[in-house]
Amino acid sequence: MSTEGVPQAILSFGDTGREAPFYIPATGPSTRPRRTLKHGDSFAVLDSHGDIGTVAGGTDGLFAFDTRFLARLEFRLQGLPLLLLGSNLRDDNSILTIDLTNPDIYDGGRIVLEKDTIHVVRTIFLWRGTAYQRFGVTNHGERPVQLELALEFGNDFADLFEVRGLKRTRRGTARTRVIGGNEVVLRYEGLDGRVRRTVLLFEPDPTKLTNHSAAYWLKLDPKERRPIYLSVGCIGVEGTRPLPFLKAMVAARRALKAATKQAATVQTSNEVFNEVLCRAMADLYMLMTETPEGRYPYAGIPWYSTTFGRDGLITALQMLWFDPNTARGVLRRLAAHQAATNDALSDAEPGKILHEMRAGEMAALREVPFELYYGSVDATPLFVLLAGLYLERTGDEATLVELWPAIDAALRWIDGPGDPDRDGFIEYHRMTDKGLANQGWKDSHDAIFHADGRLAGGPIALAEVQGYVYAAKELAAACARRLGHDERAAELAEAAQQLAKRFEAAFWCEDIGTYALALDGEKRRCAARTSNAGQLLFTGIVRPDRARKVTDQLLKSQFFSGWGIRTVA
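Now for a look at the structure at hand. (Residues numbered from 1 in each chain as written. Predicted model: local features only at pLDDT ≥ 70, side-chain atom pairs only at ≥ 80, totals over all residues. Heavy atoms only, no water.)

**What to know about the packing of aromatic side chains**
Counted under the stated rule, the structure contains 17 aromatic pairs. On the numbers, 5.6 Å between centres and 80 degrees between planes, the contact of Y304 with F308 is edge-to-face. A relative accessible area of 38% means that Y304 is categorised as partly exposed. Through pairs of rings, three or more aromatic residues link up here, namely F425, F503, F507, W508 and Y515. (Phe/Tyr/Trp six-rings, centres within 6.5 Å; stacked < 30°, edge-to-face > 60°. Buried < 20%, exposed > 50% of the residue type's maximum accessible area, 1.4 Å probe, protein only.)

**Quick word on the pattern of salt bridges**
All chains considered together, the criterion is met by 44 salt bridges. With a shortest N-O distance of 3.6 Å, R143 and E114 are connected by a salt bridge. With R143 in the loop between strand 11 (130-139) and strand 12 (145-154) and E114 in the loop between strand 9 (110-113) and strand 10 (118-127), this residue pair connects regions lying 29 residues apart in the sequence. Of the residues examined, E114 reaches a relative accessible area of 40% and is grouped as partly exposed. Residue E189 is joined to R187 by a salt bridge in which the shortest nitrogen-to-oxygen separation is 3.9 Å. Linked by salt bridges that have partners in common, R32, D47, D51, R72, E74, R76, R122 and E152 make up one network. (Salt bridge = Lys/Arg side-chain N within 4 Å of Asp/Glu carboxyl O. Helix = DSSP H or I, 4+ residues; strand = E, 2+ residues; numbered from the N terminus.)

**Focus on the nonpolar core**
F383, I407, I448, F503, F507 and Y515 are the most contacted members of the largest nonpolar core, which has 80 residues in total. Residue contacts for F503: discarding those within four places in its chain leaves F425, A463, Q466, W508, Y515, L536, I541 and V542. With 44 residues, the next largest nonpolar core counts A44, I124, V184 and L230 among its residues. (Core = buried A, V, L, I, M, F, W, Y, C linked by side-chain atoms within 4.5 Å. Contact = heavy atoms within 4.5 Å.)

**Regarding the environment of T551**
Examined against the element boundaries, T551 turns out to sit in helix 12 (residues 544-554). When the C-alpha positions of T551 and G534 are compared, they lie 7.2 Å apart, and in sequence the two are 17 residues distant. Here A547 takes part through its backbone oxygen, which lies 2.9 Å from a polar atom of the side chain of T551. (Polar contact = N/O pair within 3.5 Å; in protein donor to acceptor, adjacent residues only side chain to side chain.)

**Things to note about the environment of F273**
Mapped onto the elements, F273 comes out in helix 3 (residues 271-287). Considering only alpha carbons, one finds F273 and L230, 43 residues apart in sequence, at a separation of 38 Å.

In structure tokens form, the structure reads like this:
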């Protein structure tokens with residue numbers, strides 16, 4: 001790629017489809033820290049220069065609905081990477097701004113463009129499934145310059161689980177084509193029958209556009225500034241056009257403000273604490289996603305940017321005091337996807353509340369069980385618990401009436417399939433070896449153990465989950481009374497009291513002065529000191545004298561680090 005008066009660019013397209021191990025190894029300190037942007041169901045993981053995929057086999061990318069829609073995007077000047085001056089994310093996480101400059105450019109052993117002559121302001125944001133970029137290129141030199149700017153791109157349409165490290169023996173078919181002078185479409189037809197497209201639009205038209213690069217050959221006078229725009233759309237169909245850059249930016253900012261206008265704010269006399277609160281709010285609302293059922297806090301970027309039951313319920317619970325509308329969206333979404341049938345692969349049983357939802361190719365083909373996955377023992381009682389607290393906070397009886405069938409179905413799962421041996425405690429076990437071995441908030445394979453280190457065999461009854469059930473039944477009784485179901489209310493209230501008595505007898509360990517982590521499949525106590533006992537305190541299930549003992553332990557040095565409470569003493 002060359003033209004008269006412009007040094008030849010050196011382009012390297014690489015291999016964007018290399019597989020990565022499941023656990024990404026740390027091979028050394030990163031020279032380009034990662035930045036994250038999110039809007040709705042799309043998110044981007046970029047480096048501090050704004051590039052994607054500068055290291056083959058990495059986890060960067062532009063993602064939507066559990067698929068990577070762009071695996072490589074590298075910006076070059078005369079075939080060389082630019083130097084970083086600064087990289088800043090707005091306080092509200094909406095816009096990434098990067099300042100770049102040129103290195104010394106040589107031709108035949110002599111410098112033809114001095115360092116810091118060209119300044120590039122790269123501005124990036126996401127809006128409705130499209131990544132927008134603007135490159136503001138300015139010549140700060142005293143003479144005209146001719147230069148080549150190039151964007152090199154590519155994609156693998158990898159499923160998110162592939163990016164995480166799972167290997168596949170078969171994949172769909174991909175092709176790329178250039179349309180006109182400013183558009184490139186990357187197309188992938190998956191084995192699930194779905195067609196996924198990435199549409200790259202350049203403005204103005206590049207000097208040269210190919211299947212994998214766009215080049216601009218510019219002549220800039222002294223102090224001249226030239227903008228270049230790129231939009232990368234990862235949803236929709238061919239022929240759709242994104243908004244112009246500035247209109248999209250304004251729309252994104254307005255939408256973010258609208259999302260937070262109903263939330264209470266806190267301001268203190270401590271400026272540092274105020275900054276902490278602002279950062280927490282910005283991070284929290286970046287995770288918010290508008291769904292057909294209402295606003296939902298996704299669990300985390302990059303691997304968990306989707307609907308998770310437990311995470312959404314606990315987040316909504318903690319937000320009730322300042323933004324109860326989030327709880328309404330969470331409850332309605334989880335009710336809409338409540339299990340109605342038995343399915344072993346997804347650990348589904350009627351009445352059970354969702355653990356995880358995935359929209360990628362591997363989930364659709366059931367190569368992973370997470371399209372709609374219900375392997376969570378605590379999401380169902382937490383759903384009932386949140387519904388009761390939402391009613392207390394808002395008095396929203398109309399939503400309670402809408403949700404009551406789902407609440408009742410959840411309660412029937414708790415007393416039915418959730419307690420397979422009918423001992424009065426809710427338990428879990430996975431139905432196939434593809435499911436999660438542990439299905440509480442500690443869900444690693446070795447999370448539940450005895451004091452001597454032996455792993456607990458199932459079905460397992462976790463301590464804190466019994467507390468969730470107790471609180472859920474107490475609150476559900478109040479909901480039932482509010483709806484005039486007095487007999488059901490009395491039944492639930494009595495069941496809660498009986499559970500509290502059984503729990504004290506079965507879980508309290510006098511020798512360690514706290515509650516057992518769990519009961520294993522043989523009803524033996526996992527008598528280990530863990531923070532799980534602390535979660536019991538807010539549910540009200542524990543005796544007051546024992547609650548004081550638990551609290552005292554949690555604040556001693558074997559638990560309390562000064563920064564937080566350890567999960568295991």
